[in-house]
Every structure is written in C-alpha cells, then in structure tokens.
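Structure at a glance
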Amino acid sequence: PKMTLLANYQVPRYLVDEALLHFDLDKSKTRVISTLKMRLNPESSAGECVLDGESLDLVSIKLNGKELEETDYQLSDKSLVISEVPDKFELEVITEIHPDQNTALEGLYHSGRLLCTQCEAQGFRRITYYPDRPDVMSIFTVTIVADAKAWPVMLSNGNLEEQGQFNDGRHWVRWHDPHPKPSYLFALVAGDLYCQQDQFTTMSGREVSLRIYVDPENKHKCDHALVSLKQSMKWDEAVYGREYDLDVFMIVAVNDFNMGAMENKGLNIFNAACVLATPETATDDDFYTIQSIVAHEYFHNWSGNRVTCRDWFQLSLKEGFTVMRDQSFSADLNSAAVQRIDDVNGLRSMQFAEDAGPMAHPVRPDSYIEISNFYTVTIYEKGAEVVRMIKTLVGEEGFRKGTDLYFDRHDGQAVTTDDFVKAIEDANNVDLSQFKLWYEQAGTPELSVKTHYDPINQRFTLTLSQFCPATPGQDNKADFHIPVAVGLLDSQGKNMPMQLQGESTVYDGDTRVLSLTDSQQQFEFIHVSEEPVASVLRGFSAPVKLKYDLSNTQLAFLMAHDTDSFNRWDAGQQLMINVLLDIVDDIQKQNKLAMSPLLLSQLEAILQDKQLDPALIAKMLTLPSENYLAAQMQVADVDAIHQAREFAKQQIAISLKRLFNERYESLSQTKKYQFNADDMAARSLKNLCLSYLVASHDPLQIQRCLRQMKVTDNMTELLAGLRLMVDQAGPEREHALRAFYEQWKHDRQVVDKWLSVQAVSKLPDTLLRVKALMTHEAFSIKNPNNVRALIGQFCRNNPVHFHAKDGSGYRFLAEQILKLDKLNPQVAARMLGALNSWRRYDADRQKLMKASLEHIAAEKELSADVYEIVTKYLA
Ligand code: B3K
Ligand code: ZN
C-alpha cells in the first residue's frame, strides 16, 4: 500500500460539469451507465485522463459517442486511464457491480431488504469510473430502473423530477440535484420502505418536505429524529443564518452501516441505531445522541456540502467545524454544563490517548495510507476544539462575521482549513498565523500553572508555561497560541475583580481569556486583596493537559464553590483521581486501604445540594473510568486500578447509603417517560444512586434493581438495572438476561444493548461468554453494530478482562481482526484501536500485545486499513 502526501497535491486535470448516471438495479448484478460531460481544467494542462475505479466489471467505454478500443486505455485494479482526450468531451462508461457480495459496505451494497450506498471517502469509485476526489464538483442527474415490486421506493440526491412505469413490471425515477457536488456526497437507496413525513418552512418562507424512510416494522420509531431535524433546521437559521436549499430533505435508516451516518446531499443515510428511538427501546443517551447526529448531518449541508474539502487532508475543515456546531446546538437545547463535561470527558479519554500514541496525527494530517483511518477523534473532536478556540479568541459576534464571510466567499467551492482561518481573520482583522499550529502539530500540549501571592503589594502572579511532547515525525514543536480562561476566587468562593498590571480599569466579568503564546509568560494581577484560588482553563478553553498542583483541600474548595460548572466538576474529578491513585499505590504496596474522608464529605455535600441540577450531581458523583485512570499512570496497573475503583465505590456507597436511598426514593415517583432535560437529569441521578446502592453489597439492593426493571416504562431505567445485574453472579442474573432477550429479540437496537452489557460484565467468565455470544442467533460478524456491541465493547470498555494477564483478550482480538479484515476492513481497523496504548502497560502485557500485533502483521493479504495501523503501532 502506498502513502498519499499533502505536499503532492495537484489540481484535477479534467473536470466534470455534469454527471448523468443510469442504474439498472439488481441485488446481485447492477448495471451502471455513466455519462460524464468533461473538460480540461483551465488551471491544468492536457494529458491522460485518469479515472478511479475499484472492484468494477468494465463493459464498455465510449468517447464522444465512439467505442474505445482496448489499446486506447489502460485498466488496472485501481484505475482506468485514457491516453488521449480532447479538451472537451463526453465519456460514457458502462460497468457492472455486485451489491450482494459487498461486505465492505462501501459503494453500493445490499443490507437487509434494501440497496444503499456509502461513498465517503472513496466509495464512489466502487460504483463507476470517476475522478473520485472532492475537488471535482459536478451536477448529478440520476435515473434508477428496477423491479417495482422488489424496489418500490427509489431515492437519490436532490429533487425528484420524473417517474414512470414500464410494462414489464419495472419502474423508473429520475432525480436531479442542482447543486454541484463531489462524488463522495452521491447517494442512492432502494427498497420497500415506510416513509414518515413532515414539513418545515424556512426563514425565507420556502416549504421543505421532510421524510424519514425506515423498514416498515420501525415505523413507530421516527418521531424523535423528525423533531430533532426540525430543531436543527431552525437552529442553523437562527445561529448561523443558514437556510436549507432543496425541496426535500430525506433520512434513511439502514441496519448495516460502518459509521453513525452520512450527510449525502438531500439524502442522509443513517445507521438505524442513530435514528430510530422510542422510550421503550432507546435510552436517554440514545435520544441525546440521535438528536446530535441528526443535527450534525443536517449542519453538513453548509459546512461540508455547499462548502466542501479540497482534498482529504482537509477533512477537519468540515468535520471539526460541524462537530463544534453540533456540540453548541446540543448545549443550547439541553444542559450546556453537562454537554461540555461530556465533550471534554470524551476528548480526554479518547483523543488524548490517540494523540499520545503511535497513530498521533495533526488535525490537518500531511500523509495517509488509507484515508478511512483518518476519521478519528483528532480530526473530529480535537478539530472541534480548535474551531471552538477560534470562537473564544474572536468572540461570538466576530465568529459569526467570520463564518458568514466563509460561507459567502466559498459557496460552491472545495477549500482548505487555511481558507477557513483566513475568512475568520479577514472578517475580524486578526492574525491567527501562530494559532494555525493547532492544525499542523500533533500532540497534546501540557499547560503548567504556578502562582505566587504577594500580600504586601497585593499582587497575584500567574505563571503559565507550555510544552508539547514529541509525536511520530514531529520531534520539536513550536509554541502554540493557547487561550486560557481564568477566574480568581476569594476565600468565600466569590469571583474577585481582575486587573492586570498596566491596565487602567478592572476587567468587566468573572472569567477572562489570557493568550499564552510563548513557552512561558507571567500575568500579574494587581489590587488583589487576599490570596485567591485561581480557577484555570475554565470551560476547558483549550485541549491541553493542565498541570496545576492544587492540594486536595484546594480542589475540594473549587469542587464546592467554582462558579464555572465545568471547572467545578473537573476539580472533583482531579480530587477523585488523586484519591484513587493513592489507593492504587497502597494496593501495590499491599498497605491497608482507606477512603479519603475529605472526598466523602465533598460528595455528601453535593448529594445533599437541592439547588444543583441533578444531572450535574450525577456527573460529579461519577468516578473517572478505569481507562482514564490508566492514562494517568506511568505504567498502567489494570488490576490495581480496577480494585481501587471498586473499593472507593463501595466505600462511598456504604458511607452515603442513607442519602442515596433518599434521593433514589424521591426520584422514583412514577411519571410517564418524556425526553427533556429535567426528566433526563432525574433519571440519570436515579440510576447513579441505584448503582451506588448495589455497590454497597447489600443483597437487598439487588431486589430493588429487579423491581426497577419490572416497573419501569422506559429503556433508560431497564438497561441501567440490567447493567447492574450482569455483574451479579447467580440465577437472578441469568433470568434477567433471558427475560430481556425474550422480550426484545425482534428489535436490533435493543439486542445490541443486550450484547454490550454482557461484554462489559465484571464476572470472571466474560470472555467465554462473549465467544459463546458470537455463535448466538443474535450475532452476525457481518453486521458492524453487532461487532461494535460485542467485540468492541469487550476490548474497549472491559479493561480487566481484555488485559487479562494470560493474553487471552489480546489473542481473541487478533483472531477477530483477521476474520473481519476479509469482510470489512474499515470495521477491522477500528477494532485495532483497542491496542493503541499498548506501550503503556507492564512488560509482560506489552509482550503479549506485541505478539498479537505481530500475528496480525504477519498475515499476507492485509487490507490497507489494517496494514497502516498495525505497522504504525509496531513502528
Ligand atoms: N461524513 C461521514 C463520515 C463517513 C466516513 C466513512 N469512512 C459522517 C459524518 O461525519 O457526518
Ligand atoms: Zn461529519
């Protein structure tokens, strides 16, 4: 497999003005007639015409109506090269493809009872020969012909222009998309689908028909996505001034899908799990995720489709920006504090690990072997943080001016992250040249904080410094431009006035943003009447590791008083980490274990706080995950971490049992399920209380858990109960699992939850059970959701068992990856992520993990996807 470099970018030689596609659809053999109106790019010079193509059966090629001879072109397994073409020409290529043999789920494939496509990033070349790159934008007209009984609904991008019947039982449709688009946004769906409809009137008064297409048995599961879609459309008009631009917006739910969803123009295709929901089958988290994914894909209509990427190195141009947009949408519609906590939690546990590991890459990478491997938390989540920092630096209004200019200036173009930053700079008259290092340098910078108080002169000095560790290919880093939001708290926990040396007035506000641009800088606050506790990096104003040595007492103080909810939560997390790592240390030294009374009293106060949002209470009472704790250690000690966390959890449970009990009972009045921030908050706290009550090891609490499962009307409470039950060995557990399956085996979304809870069980025989479940009727290795639910959850979220000392977890993973790679390379490569941090474990485990990686690497016919990751891990 070969490497593609950003430095080698060249403009396309030939452009496609119009693409007319004709599909004769059939599950096992589909014929595609592609007619392309092409011309020489004025920015290039004439030469051979190269079209991408993979796994295609070529039937014929005509250039300006004339059939080409075999000597006129060269065919390889990756391309079709025509030696000579005029400056302007029409190319007709006929190919055949086999959707039912397509297990990679890229291009046109068969899933359940439908045919559908996935083209990003390079799937279109599996449909027909084409210059399959995002900077070739064309107007598509798509005709689909198929048997009317088997494929009653036939969809593509844009607006439906015409349809008709043939008298042999086939019918046809023609879709036209007036907006020029790259091939990765092409989509086609056919099947026997139920359609739920609604309407949206845009801000300029245009009527848009909204349609969600699902398998008929899921027709009762569309309401939430439809509401979310309307919320998204409204929000994008209000916050970014972006209006929808076609007569129809369609969403299709598909059972077999490699990712969450895809933003094809006018025809979004979704993983069924990311669109279908009812209170009985989906948890609050699912409802929440669906709302944000529907929004994300919708927002792409502007950030991604109207303005797209020049090349795939610019992927974060659309993904980082769109994630940032969906995060602020979710913050506006729900609890902003909870949203920020979840976003940062995700970033720190996933992206920081990626950035510290062998696959670390910049937000704008400069090389790749397989682009599918770069749909990463760095491109998405860190990319979102980078855009968020830009917004912090230019302010809300300045940011809107910048995005208006960006959309206006680049509408209909394929551009770069530099173009994005330039638009913000131009609209605000600022210089972001140093800031752009965030796009170019990988690695998580460390931000160190030192403070000094001078009581005589009433001065408080904040010394900030930065350091970024080396990452593959980048040994030395230049200093970043880091926005650091700070506040100063007095001994009562009140924000103090802030005035920096040299300023004539006091800063107006509780939080101000300092710009750290050197390796070290001092910020001198004057007229500081008492020694403050500095609250640094409020709202997590930059994606950095904060090195700030606060004592546990100071952390407890911030945990109780910080007016910034994020920092309040974060102080609590840091206190918990300190306490848990002390326990780990005691375990390693075989000391007697004790629980921190300070932490207990802080948690008690939080649990008793009737003013605080219950959702925030639940977050503040949640211990950091084992994986995150592992990342805080020089050498991760999986077993000690597990034992420490279990010990702490039990101690908290025992000492606060009465309060957990009271809260649980007071939150248990029966009320019909509704998806709104208040009810969701109540359920999250209720379930958290239940998990502590069960952790107290009081056998009566198991009955309470079973009672919750019995009386609840919703999946949020049912699944929370089941999750707790799977850690309890015994007949009640087996009964609960069996009953759950019997009740829900007809429902794929619920069955995946049933697989997941078993995969993360703490019981010792979990791996054996996971293996047994792979032969269960509920599991198919060809279905990505099944694989992620069972294998993915076991390897990622069950550290004690995945990292079993005998290496059984690693061998299991290697075996599955080799099997999956033959079927679906993208899914196989994703699973490898579980070994990302393999060098951070003890020598014995490293050896075992390395052996598994080498076992994979030794396979002769690896996909580019798995090859790239495995070789980078071993490098
Ligand atoms: N743009 C798609 C990603 C599809 C990539 C598949 N290899 C989903 C999204 O970010 O909205
Ligand atoms: Zn996206």
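Only a predicted model underlies this, so the values are computations on that prediction, with no experimental measurement involved.

Parameters and conventions
- Residues numbered from 1 in each chain as written.
- Chains lettered and ligands numbered in written order.
- Predicted model: local features only at pLDDT ≥ 70, side-chain atom pairs only at ≥ 80, totals over all residues.
- Heavy atoms only, no water.
- Donors = N, O, S within 2.8 Å, 3.2 Å for Na, K, Ca; no water.
- Buried < 20%, exposed > 50% of the residue type's maximum accessible area, 1.4 Å probe, protein only.
- Helix = DSSP H or I, 4+ residues; strand = E, 2+ residues; numbered from the N terminus.
- Polar contact = N/O pair within 3.5 Å; in protein donor to acceptor, adjacent residues only side chain to side chain.
- Contact = heavy atoms within 4.5 Å.
- Pairing = 2+ DSSP bridges.
- Axes fitted to C-alpha atoms, helices over the stretch in contact; angles between N-to-C directions.
- Parallel < 35°, antiparallel > 145°, perpendicular 65-115°, else oblique.
- Left-handed = near helix turned anticlockwise from the far one by under 90°.
- Nonpolar A, V, L, I, M, F, W, Y, C, P; charged D, E, K, R; others polar.
- Near = heavy atom within 4 Å.
- Areas by Shrake-Rupley, 256 points an atom, 1.4 Å probe, with all protein chains shown as cover.
- Arc of directions from axis to C-beta.
- Salt bridge = Lys/Arg side-chain N within 4 Å of Asp/Glu carboxyl O.
- Disulfide = S-S within 2.5 Å.
- Phe/Tyr/Trp six-rings, centres within 6.5 Å; stacked < 30°, edge-to-face > 60°.
- Lys NZ or Arg CZ within 6 Å of the ring centre and 35° of its normal.
- pLDDT = per-residue confidence, 0-100.

Attention shifts here to the coordination of the zinc ion (ligand 2). Protein ligation of the zinc ion (ligand 2) involves His 296 (NE2), His 300 (NE2) and Glu 319 (OE), the donor distances falling in the range 1.9 to 2.1 Å. Read N to C, the donor residues that coordinate the zinc ion (ligand 2) are spaced as H-x3-H-x18-E. Considered together, His 296 and His 300 belong to a single accessibility category, that of buried residues.

Looking now at the side chain of Asn 271. Locating Asn 271 in the fold gives a position in strand E21 (residues 267-271). Overall, the relative accessible area of 3% leaves Asn 271 in the buried class. One polar contact links the side chain of Asn 271 to the main-chain carbonyl oxygen of Met 259, over a distance of 3.2 Å. Sequence-distant contacts of Asn 271, defined by excluding residues within four places in its chain, comprise Val 254, Phe 257, Met 259, Gly 260, Ala 261, Asn 785 and Arg 788.

With mixed pairing, the four strands of this open sheet are ordered in space as E29-E26-E25-E31. In this open sheet, the two edge strands, each paired with only one partner strand, are strand E29 (520-525) and strand E31 (545-548). Neighbour-to-neighbour, the strand axes of the sheet open up by a mean angle of 20°, direction not taken into account. As paired strands, strand E26 (residues 459-467) and E29 are joined by six bridges and run antiparallel to one another.

Right, let's talk about the packing of helix H21 (residues 784-797) against helix H24 (residues 825-832) for a bit. Two elements in contact, H21 and H24, have axes separated by 10 Å at closest approach and are oriented at 15°. Relative to H24, H21 is oriented roughly parallel. Considering only the axes of H21 and H24, their crossing is right-handed. For the pair formed by H21 and H24, the contact residues are Pro 784, Val 787, Arg 788, Ile 791, Gly 792 and Arg 796 on the first element and Val 827, Arg 830 and Met 831 on the second. Residue composition of the contact of H21 with H24, by class: five nonpolar, one polar and three charged.

Looking now at the site of ligand 1. Neighbouring ligand 1 are 14 residues; Glu 120, Glu 263, Glu 297, Glu 319 and Tyr 380 lie closest to it. For ligand 1, a nitrogen atom lies 3.4 Å from a polar atom in the side chain of Lys 318. A distance of 2.9 Å separates an oxygen atom of ligand 1 from a polar side-chain atom of Glu 319. In the complex, 97% of the free accessible area of ligand 1, which totals 340 Å², lies under the protein chains. Residue assignment for the shell around ligand 1 shows that the elements contributing at least two residues are strand E20 (261-262), helix H2 (284-299) and helix H3 (315-333).

With that settled, consider helix H14 (residues 657-666). Turning to H14, its buried residues are Leu 659, Phe 660, Arg 663 and Tyr 664. Seen along its axis, H14 keeps its buried residues to an arc of 130°; they face one direction. Turning to H14, the residues buried within the fold contact helix H10 (597-608), helix H11 (614-620), helix H13 (638-655), helix H15 (677-695) and helix H16 (700-711).

Looking now at the sheet that holds strand E11 (residues 114-118). The four strands lie next to each other as E10-E11-E16-E13, forming an open sheet whose pairing is antiparallel. Strands with a single pairing partner mark the edges of an open sheet, and in this sheet they are strand E10 (107-111) and strand E13 (153-156). Averaged over all adjacent pairs, the angle separating strand axes in this sheet is 15°, with direction ignored. One ladder, built from three bridges, connects E11 with strand E16 (residues 188-191); its direction is antiparallel. Opposite Leu 114, over in E16, you have Gly 191 as the bridge partner.

What follows covers the environment of Ala 851. Structurally, Ala 851 can be placed in helix H25 (residues 843-857). Taking C-alpha positions, Ala 851 is 45 Å from Lys 265, a pair spaced 586 residues apart along the chain.

In this section: the pattern of salt bridges. Pairing between side chains of opposite charge can happen when the charged atoms of each approach one another. Following the criterion strictly, the structure yields 56 salt bridges and no others. With a closest N to O distance of 3.7 Å, Asp 727 and Lys 762 form a salt bridge. Residue Asp 727 is located in the loop between helix H17 (715-725) and helix H18 (731-744), and its partner Lys 762 is located in the loop between helix H19 (748-759) and helix H20 (766-773); the two are separated by 35 residues in the primary sequence. Residue classification places Lys 762 among the partly exposed residues on the basis of a relative accessible area of 37%. Within the structure, one salt-bridge network assembled from shared partners comprises Glu 120, Glu 263, Lys 318 and Glu 319.

When the sulfur atoms of two cysteines share a covalent bond, that bond is a disulfide. As enumerated under the stated definition, the model contains zero disulfides in all. For Cys 705, which is in no disulfide, the shortest distance to another cysteine sulfur is to Cys 689 and amounts to 13 Å. Given the relative accessible area of 0%, Cys 705 is considered buried.

Now for the packing of aromatic side chains. Two descriptors summarise a pair of aromatic rings, namely the distance from one centre to the other and the angle between the planes of the rings. The tally for this structure, following the rule as stated, stands at 39 aromatic pairs. Judged by centre distance (6.0 Å) and plane angle (45°), the ring pair of Tyr 244 and Tyr 298 falls under tilted. Linking Tyr 244 in the loop between helix H1 (223-240) and strand E19 (248-254) with Tyr 298 in helix H2, this pair joins segments that are 54 residues apart in sequence. Assigned by exposure class, Tyr 244 and Tyr 298 land together as buried. Residues Tyr 375 and Tyr 380 carry aromatic rings whose centres are separated by 6.4 Å and whose planes lie at 50° to one another, so their mutual orientation is tilted. Owing to a relative accessible area of 15%, Tyr 380 belongs among the buried residues under this scheme. For Arg 325, the ring lying beneath its charged end belongs to Tyr 240, and the centroid distance is 4.6 Å. A cation over a ring is seen here: Arg 325 above Phe 321, with NZ or CZ 5.4 Å from the ring centre.

This part covers the confidence of the model for the protein chain. Mean pLDDT over the protein chain: 98, with 100% of residues reaching 70 or higher. Interface confidence for the predicted complex, expressed as ipTM, amounts to 0.99; the pTM equals 0.99.

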